[in-house]
Amino acid sequence: MKSGRTLVSLAQELERQMHSKKDLIVPSQLVHHSTGDDGQTHIIVNEAGNPVRYGVTPLARRQLADKLKIPHSYFERMREEQPVLLDRNVNTWLQSEDDRRMLRTLDGQVRAVLSDRYRRLDNFDLAESVLPILQQLPDVRFESVELTETRMYLKCITSRLTYEMAPGDVVQAGVVISNSEVGQGTLSVQPLLYRLVCRNGLIAADRSLRKTHVGRSLGTEDDGLQVYQDDTLRADDKAFFLKVRDVVQAAVSEASFRQTAQKLQKTLKIPLVGDPVKTVEVLAQRYTLNDVERSGVLRHLITEGELSGYGLVNAVTHYSQEIDDYDRATEFEALGGKLIELGTAEWKGLAEAI
């Protein structure tokens, strides 16, 4: 499993961000787009008669392009080659719309451009509610926590529950909680298997809890800009966090853990009888792995010498530790969980590839 930061570091950054971020519900007509000669884009918002200038992150640029139905590749080409044309396009469409948008800002930058129906479930509130729940798990340890530009992750393991895949090959039970404040995924709680021999993490796809970031339209009382207050909808958040507690406990229950572990164990009986190179090529095509990722998975499969479904699952999750991007590394841990859910026909396509 890829290493992250310490719990202390996470808490400090969440505290810092809480005091640095601001959310605006703003009519499109009060938003102006400006691109400098250096290609840096800015969003200027009329706040109570005063123009306030914000930088724009790459993710927010992509979201803005999507909401205005401008192809992202064309948006970026204009930004780099014809900034005046980009501003004319963006501002024309902004001024022609009568809807509202949520602009999520942090450190003076717009980090997300979202619908005014976007439902905030913020990382600080989530951590404050679920960390005490996780800390009450028996013999718990936080194996990896991280806060990226798009998501927060809490991955913890309990050594109380173990299962032997094969002699000397033991997995432990765990749970992963993830959330995105910028529209890049739901808040989710998922079971986790942790393989001791190589520190692989596998995120199970079943028995998960997901909370979408969709709610009622906000700030529609008048035509001006509205700031989304921190205490809005907190009562509903607290009710949801009680559900999180129940799902965390279920994820690390003996019955749930054993069922997931047995699914992984069954892949030991799936021999890879085809060409391992072709097997990984088929895997890469199905799950959109790039050439570097495909080569990395193949290297682990061959090096570890386990030419079975189990070996392929572990090659995927082991390779995740080498990926620099924490979000992408976590996707590989989740890919391991998808593989143990495959049916016979799907495994046959992988195992017999020639």
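What you see is a predicted model, and the numbers here were worked out from it, not measured in a lab.

Cut-off values and rules
Along each chain, the written sequence defines residue order, and numbers are assigned to residues from 1. For a predicted model such as this one, the threshold for reporting local features is a pLDDT of at least 70, and the threshold for listing and counting side-chain atom pairs is 80 or more; totals across whole chains, interfaces and linings nevertheless cover every residue. Water and hydrogen atoms were dropped before computing side-chain values, which therefore reflect all heavy atoms in the structure. Note on conventions: DSSP H or I runs of at least 4 residues are helices, E runs of at least 2 residues are strands, and numbering of each starts at the N terminus. The cut-offs for exposure are 20% and 50% of the maximum accessible area for each residue type, with area from a 1.4 Å probe on protein chains only; residues under the lower value are buried, those over the upper are exposed, and the others partly exposed. Here a polar contact is taken to be a pair of N or O atoms separated by no more than 3.5 Å, where protein atoms must pair a possible hydrogen donor with a possible acceptor and residues adjacent in sequence count only if both atoms sit in side chains. We call two residues in contact when some of their heavy atoms are within 4.5 Å. A fitted line through C-alpha atoms represents every axis, and for helices the fit uses only the stretch in contact; the resulting angles, taken between N-to-C directions, go from 0 to 180 degrees. Roughly parallel covers angles under 35 degrees, roughly antiparallel covers those over 145, roughly perpendicular covers 65 to 115, and oblique covers all other angles. With the far helix as reference, a near helix turned anticlockwise by less than a right angle produces a left-handed crossing, and one turned clockwise produces a right-handed crossing. Each residue is assigned to one of three groups, with Ala, Val, Leu, Ile, Met, Phe, Trp, Tyr, Cys and Pro labelled nonpolar, Asp, Glu, Lys and Arg labelled charged, and all others, Gly among them, labelled polar. Here, nonpolar core means buried Ala, Val, Leu, Ile, Met, Phe, Trp, Tyr and Cys residues that are tied together by side-chain atoms lying within 4.5 Å of each other.

Peer 1: Just to check I follow, could you spell out the side chain of R79 for this structure?
Peer 2: Checked against the element boundaries, R79 lands in helix α3 (residues 72-81). Overall, the relative accessible area of 13% leaves R79 in the buried class. Reaching out from R79, the side chain makes a polar contact with the backbone oxygen of G39 at a distance of 2.9 Å. Of the polar contacts made by the side chain of R79, one reaches the side chain of E76; its length is 2.8 Å. Excluding residues that lie within four positions of it along the chain, R79 makes contacts with T35, G39, T41, R61 and L86.

Peer 1: Help me understand the environment of L307, please; the structure alone is not making it clear to me.
Peer 2: Tracing the chain through its elements places L307 in the loop between α9 (291-304) and α10 (309-319). Taking relative accessible area as the criterion, L307 reaches 41% and is therefore assigned partly exposed. Note: C-alpha distance between L307 and I270 (37 residues apart in sequence) is 8.7 Å. The contacts of L307, once residues within four sequence positions are left out, are I270, P271, L272, P276 and L301.

Peer 1: Could you clarify how one ought to interpret the packing of helix α2 (residues 58-67) against α3 in this entry?
Peer 2: Helix-helix packing is characterised by the crossing angle of the two axes and by the distance between the axes. It is the contact of α2 with α3, at a shortest axis distance of 9 Å, that shows an interaxial angle of 120 degrees. One element, α2, and the other, α3, form an angle in the oblique class. As for how α2 packs across α3, the hand of that crossing is right-handed. From α2, R61, R62, L64 and A65 reach across to α3, where they touch H72, F75, E76 and R79. Class assignment for the residues of the contact of α2 with α3 results in three nonpolar, one polar and four charged.

Peer 1: Explain the nonpolar core here, please?
Peer 2: The nonpolar side chains of a soluble globular protein tend to be buried, and buried together. Counting 35 residues, the largest nonpolar core has F257, L264, L283, V297, L312, L339 and W347 as its most contacted members. At the level of elements, β8 (152-166), β9 (169-179), α7 (254-266), α8 (276-287), α9, α10, α11 (326-339) and α12 (344-351) are the ones that each hand at least two residues to this core. Sort the elements by how many residues they give to this core and α10 lands first, with six residues. Once residues within four sequence positions are removed from consideration, L264 is found in contact with M165, V171, L193, L202, Y310, V313 and I340. The next biggest cluster of nonpolar side chains, apart from the first, holds 27 residues, and it includes L126, L137, I177 and V248.

Keep in mind these numbers describe shape, not what the thing actually does.
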